[in-house]
Amino acid sequence: MMRIAFRLAALAAFLALAPAAMAQGNGPIDNAYESSKAAELESVKLQLATQPGSTAVQELNEAEITLRRLKETKATDQRRKIAAELEMAITRLKIAAGAGSMQR
C-alpha cells in the first residue's frame, strides 16, 4: 500500500512540474522526439501484453491519440503544449502498467 501511495505522490509531483518544464523549451519537438515517444509507447504495450486484464487500456488509448495529435500539428507553440500532454499521458500509462504488475 505504501508503494502505491508513493507512486501517486510522485505522479502528482510530476504532473505539477511537467507542463512548466515543457514550456521552457528543453529541446526540439521534432520527428526524433515523436519517434522516441512512439518507441516508448510500444515498450509499454509489450509490458501490458504480459498482463491479461490490465486496466491501463484507457491510458494507452489516450497516449496514442495524443501522439497522433502531435504528429498532425504544425504550430510550434501547440506542439509544445501537446508534447506536455503526451509526457503526462505516458507517465500515467507507465504507472497504470506498473500497478497492474504489482496486483499479481
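Data block above holds the structure.
Here the structure is a predicted model, which means the values were calculated and not measured.

The next subject is the nonpolar core. When a protein is soluble and globular, its nonpolar side chains tend to lie buried together. Counting 18 residues, the largest nonpolar core has Y33, L41, L48, A63, L70, L86 and L93 as the members making the most contacts within it. Looking at this core, the elements that each hand over two or more residues are α2 (31–49), α3 (57–72) and α4 (76–102). The dominant element in this core, judged by the number of residues it contributes, is α4, at eight residues.

A few words on the pattern of salt bridges. For the coordinates displayed, the defined rule picks out nine salt bridges. Linking K37 and E87 is a salt bridge whose minimum nitrogen-to-oxygen distance equals 3.0 Å. You can see K37 sitting in helix α2 and its partner E87 sitting in helix α4, a full 50 residues away along the chain. The buried category is assigned to K37, whose relative accessible area is 8%.

What follows is about the packing of α2 against α3. It is the contact of α2 with α3, at a shortest axis distance of 11 Å, that shows an interaxial angle of 165°. Between α2 and α3, the interaxial angle falls into the category roughly antiparallel. The element α2 and its partner α3 pack so that their crossing is left-handed. Every residue of α3 that contacts α2 at Y33, E34, K37, A38, L41, K45 and L48 is listed here: L60, A63, E64, L67, L70 and K71.

Moving on, we come to the side chain of E87. For E87, a relative accessible area of 16% puts it in the buried group. Within polar-contact distance, the side chain of E87 engages the side chain of Y33 at 2.6 Å.

Let's shift gears to the environment of A38. Structurally, the position occupied by A38 is in helix α2. With a relative accessible area of 21%, A38 lands in the partly exposed category. Sequence separation of A38 and A63 is 25 residues, and the distance between their C-alpha atoms is 9.5 Å.

Cut-offs used in this document
Residues numbered from 1 in each chain as written. Predicted model: local features only at pLDDT ≥ 70, side-chain atom pairs only at ≥ 80, totals over all residues. Heavy atoms only, no water. Core = buried A, V, L, I, M, F, W, Y, C linked by side-chain atoms within 4.5 Å. Buried < 20%, exposed > 50% of the residue type's maximum accessible area, 1.4 Å probe, protein only. Helix = DSSP H or I, 4+ residues; strand = E, 2+ residues; numbered from the N terminus. Salt bridge = Lys/Arg side-chain N within 4 Å of Asp/Glu carboxyl O. Axes fitted to C-alpha atoms, helices over the stretch in contact; angles between N-to-C directions. Parallel < 35°, antiparallel > 145°, perpendicular 65-115°, else oblique. Left-handed = near helix turned anticlockwise from the far one by under 90°. Contact = heavy atoms within 4.5 Å. Polar contact = N/O pair within 3.5 Å; in protein donor to acceptor, adjacent residues only side chain to side chain.

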